[in-house]
Amino acid sequence: MITAEHVNKRFGKLQVLRDISLTFSPGQAVALIGPNGSGKTTFIKCLLGMVVPDSGMITFNGQDIAHSWQYRAGIGYMPQIGRFPDNMTIAQVFNMLKDIRKDERLLDEDLPQAFQLHKIMDKRMHTLSGGTRQKVGASLAFLFNPDVLILDEPSAGLDPLAAELLKEKIRREKEKGKLILITSHILSELDDIVSDVAYLQEGQLKFHKTLSQLKCDTGEQKLVRAIARVMETADL
Amino acid sequence: MNKIIKYIILDIARNKIVLAYTAFLLLISLSVFNLEDTGVKGILSLLNITLIIVPLVSIVFATIYLYNAAEFIELLISQPIRRTRLLASIFTGLALSLSLAFLIGAGIPVLIYHAAGAGGLLVIIGLALTLVFTALAVLAAVLTRDKAKGIGVAILLWFYFALIFDGIVLFILFQFSDYPMEKTSIALSTLNPIDLGRIVILLKMDISAMMGYSGAVFRQFFGGLWGSLYAGTVLLLWIAMPLLWALRRFSHKDL
């Protein structure tokens, strides 16, 4: 569904992505893991066309995404920090995105309902807490029933209840055969959602394998321990 | 495209800075017309305020707005929409809201008290300057990544057009005062939209006689139809060039 071939990106002197090749298929839930500054967010931005790779090619459903924008109709993106124009209400932000998308796909309003956003639809963005803005961001990502969901640190700032609701939603979407990409530092919460793990370090892809394979290779039962084991051996 | 414009205008219409700007312009223009005994004098006072305040507020407000919306613009870019179209919509939304603020604050009083001749022209120049400096703000925000640097660039641009440029022109005219500089000064005025606006309005007000021989040359050049067309084209270029540059840069910028 999404393939990246030999993607390189350099910001000034810093090589952020080094020759990354990855393939993702429908029904996978992939955890992008790596230390801070390992290039996870940059890679996601490359997929979304926000950052243009210096070399290499990224395809979406077989089509090269360079200079293209239509493919993004199939992607729902939840950014790390949800910031919206101060004086817009939640309802206005929802309507604005609905106007932009305009496609007649069935709207998926599970999350706004679960988060009970309808009670605060008329509140202005600058009056909302960071967690509530995160809820709006998550709802927008799922709203248009996209085939691919890209979630950048989805549970950062969410309360435990909301995080659990979001996790439940991610699991349901995965079972529907959607492709889900998640970056997160909270590995324990990824354990029961993801099917695959891609590990980035200093812009390089260290490995991309299924969770069970990883657990088998490291002899650990928990993702946290498995990754810790990988990092230890990488340091040696 | 017009959908994005609509929501940006709705957002800015409730912005306290823009509301204060509108109220300030309204207060100034009403008091100016009530204090001065003739409408022409009122226009003259309003002209000097407009030429300073409108560019300053337009460029600083638009730059800050763009930086504050950076994350939201990123979210919009992840939607199926062309980048150039997105930025063009944001520019239009900003320009329309600031123009509306100027129309309410200065346009309506001018049309009530002194609509004829220079009054109408003052409103047109004010609107043109709003568009020029919003376009420059978009360019500044697209070219510089850092917020503080971008706002600094915006203020510097205003400072240059409002103050430094006049100093440079005076210096040149003074240094070459032995030569006929009239044509040169017309050419120099195209390099600064604020100056161009001032000259066009002053000429309309029949006080060009006070500007000596240069005034006569200006009058001869800008007074006719070709002169107005020339001034209009130059102002349009001042809107289009920064905007096109910004769109070009934005279409392949890394966010």
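Structure: see above.
Worth saying up front: this structure is predicted, and the values here are computed from it rather than measured.

S.K.: Sorry, what's going on with the overall build of chain A here?
M.R.: Counting its regular elements, chain A contains 7 helices and 10 strands. What you see for chain A is a C-alpha radius of gyration of 18 Å, in line with the 18 Å of a compact globule of 236 residues. Principal-axis analysis of the C-alpha atoms places the extent of chain A at approximately 55 × 40 × 35 Å. Residues counted as buried form 44% of the 236 residues belonging to chain A. For chain A, long-range pairs separated by at least 24 residues make up 71% of all intrachain contacts whose partners lie at least 6 apart in sequence.

S.K.: How should I be thinking about the overall build of chain B in this particular structure?
M.R.: Counting its regular elements, chain B contains 11 helices and 0 strands. Reading the secondary structure of chain B in the N-to-C direction produces α-α-α-α-α-α-α-α-α-α-α. Its C-alpha atoms give chain B a radius of gyration of 19 Å, near enough to 18 Å, the size a compact globule of 255 residues would have. Across its three principal axes, chain B shows a C-alpha extent of roughly 60 × 40 × 30 Å. A total of 255 residues make up chain B; the buried ones form 41% of that total. Here the contacts in chain B between residues at least 6 apart in sequence split such that 79% fall between residues at least 24 apart.

S.K.: Explain the interface of chain B and chain A here, please?
M.R.: Bring the parts together and some accessible area is lost; that lost area is often taken as the interface size. The interface is formed by 21 residues belonging to chain B together with 24 residues belonging to chain A. Elements that contribute at least two residues to the side of chain B that touches chain A include exactly helix H1 (2-13) and helix H4 (70-77) of chain B. Split into classes, the residues belonging to the side of chain B that touches chain A amount to 10 nonpolar, 4 polar and 7 charged.

S.K.: Would you take a moment to explain helix H3 (residues 39-68) of chain B for this structure?
M.R.: Because an α-helix completes one turn every 3.6 residues, residues spaced three or four positions apart along the sequence face the same direction. Over its 30 residues, H3 of chain B runs 41 Å from end to end, which matches the ideal 44 Å to within 8%, given 1.5 Å per residue. Along H3 of chain B, the sharpest change in direction is near 30 degrees and occurs at Thr 50 of chain B.

S.K.: Would you mind going over the sheet that holds strand E3 (residues 29-33) of chain A with me for this structure?
M.R.: As a general point, the strands of a sheet are linked pairwise by backbone hydrogen bonds and lie either parallel or antiparallel. Residues and elements named next belong to chain A. Taken together, 6 strands build an open sheet; the order of strands is E6-E7-E8-E3-E9-E10 and the sheet is mixed. Single-partner strands in this sheet number two, and they are strand E6 (75-78) and strand E10 (204-210). On average, each strand axis in the sheet is tilted by 15 degrees relative to the strand beside it, whichever way the strands run. Looking at chain direction, strand E9 (residues 196-201) and E10 are connected through 6 bridges and run antiparallel. In the strand pairing of E10, Gln 201 is matched with Gln 204. Lying on the sheet, helix H4 (residues 130-143) is in contact with E6 and strand E7 (148-152); it crosses E6 at an angle near 175 degrees. Across the sheet, helix H5 (residues 160-175) is in contact with E3, E7 and strand E8 (179-183); its angle to E8 comes to roughly 145 degrees.

S.K.: I would appreciate a short explanation of the pairing of strand E4 (residues 55-60) of chain A in the present structure.
M.R.: Along any regular strand the residues' side chains alternate between the sheet's two faces. Residue and element names in this part refer to chain A. Across 5 bridges, strand E1 (residues 2-11) lies against E4 in antiparallel orientation. Following the sheet pairing, Glu 5 is matched in E4 by Met 57. As consecutive antiparallel partners, E4 and strand E5 (residues 63-64) are separated by 2 residues, and within that stretch Asn 61 has a phi angle of approximately 50 degrees, a positive value.

S.K.: Help me understand the packing of helix H2 (residues 16-35) of chain B against helix H5 (residues 83-114) of chain B, please; the structure alone is not making it clear to me.
M.R.: Two quantities define a packed helix pair, namely the angle between the helix axes and the distance between the axes. Residue and element names in this part refer to chain B. H5 packs onto H2 with a crossing angle of 15 degrees between their chain directions and a minimal axis gap of 9 Å. Judged by the angle between their axes, H2 and H5 are roughly parallel. When the axes of H2 and H5 are compared, the crossing they make is right-handed. Residue-level inspection shows Val 18, Tyr 21, Thr 22, Leu 25, Leu 26, Ser 29, Leu 30 and Phe 33 of H2 in contact with H5, the latter providing Ser 97, Ala 101, Phe 102, Ile 104, Gly 105, Ala 106, Pro 109, Val 110 and Tyr 113. By residue class, the composition of the contact of H2 with H5 is 13 nonpolar, 4 polar and no charged.

S.K.: Would you mind going over the sheet that holds E4 of chain A with me for this structure?
M.R.: All names here are of chain A. Strand order across the open sheet formed by 4 strands is E2-E1-E4-E5, with antiparallel pairing between neighbours. A strand with exactly one partner marks an edge of an open sheet, and here the two such strands are strand E2 (14-24) and E5. Pairing between E4 and E5: 2 bridges, direction antiparallel. By the bridge assignment, Phe 60 is partnered in E5 with Gln 63.

S.K.: How should I be thinking about the environment of Leu 17 of chain A in this particular structure?
M.R.: Inspection of the secondary structure puts Leu 17 of chain A in strand E2. For the pair Leu 17 of chain A and Glu 173 of chain A, spaced 156 residues apart in sequence, the C-alpha to C-alpha distance is 29 Å.

S.K.: What is the right way to read the nonpolar core from this model?
M.R.: Most often, soluble globular proteins keep nonpolar side chains buried together rather than apart. With 144 residues, the main nonpolar core has Ile 150 of chain A together with Val 132, Ala 137 and Val 138 of chain B as its most contacted residues. Sort the elements by how many residues they give to this core and helix H6 (residues 118-143) of chain B lands first, with 18 residues. Val 138 of chain B has contacts with Ala 62, Leu 66, Leu 87, Phe 91, Leu 243 and Ala 246 of chain B, leaving out every residue within four places of it along the chain.

Thresholds, definitions, all that
- Residues numbered from 1 in each chain as written.
- Chains lettered and ligands numbered in written order.
- Predicted model: local features only at pLDDT ≥ 70, side-chain atom pairs only at ≥ 80, totals over all residues.
- Helix = DSSP H or I, 4+ residues; strand = E, 2+ residues; numbered from the N terminus.
- Rg over C-alpha atoms; globule rule 2.2 N^0.38 Å.
- Buried ≥ 20, exposed ≤ 12 C-beta atoms within 10 Å, placed from the backbone.
- Contact = placed C-beta atoms within 7 Å.
- Nonpolar A, V, L, I, M, F, W, Y, C, P; charged D, E, K, R; others polar.
- Expected span 1.5 Å × (residues − 1).
- Bend = angle between axes of the 7 residues up to and from the residue.
- Pairing = 2+ DSSP bridges.
- Axes fitted to C-alpha atoms, helices over the stretch in contact; angles between N-to-C directions.
- Parallel < 35°, antiparallel > 145°, perpendicular 65-115°, else oblique.
- Left-handed = near helix turned anticlockwise from the far one by under 90°.
- Core = buried A, V, L, I, M, F, W, Y, C linked by C-beta atoms within 7 Å.

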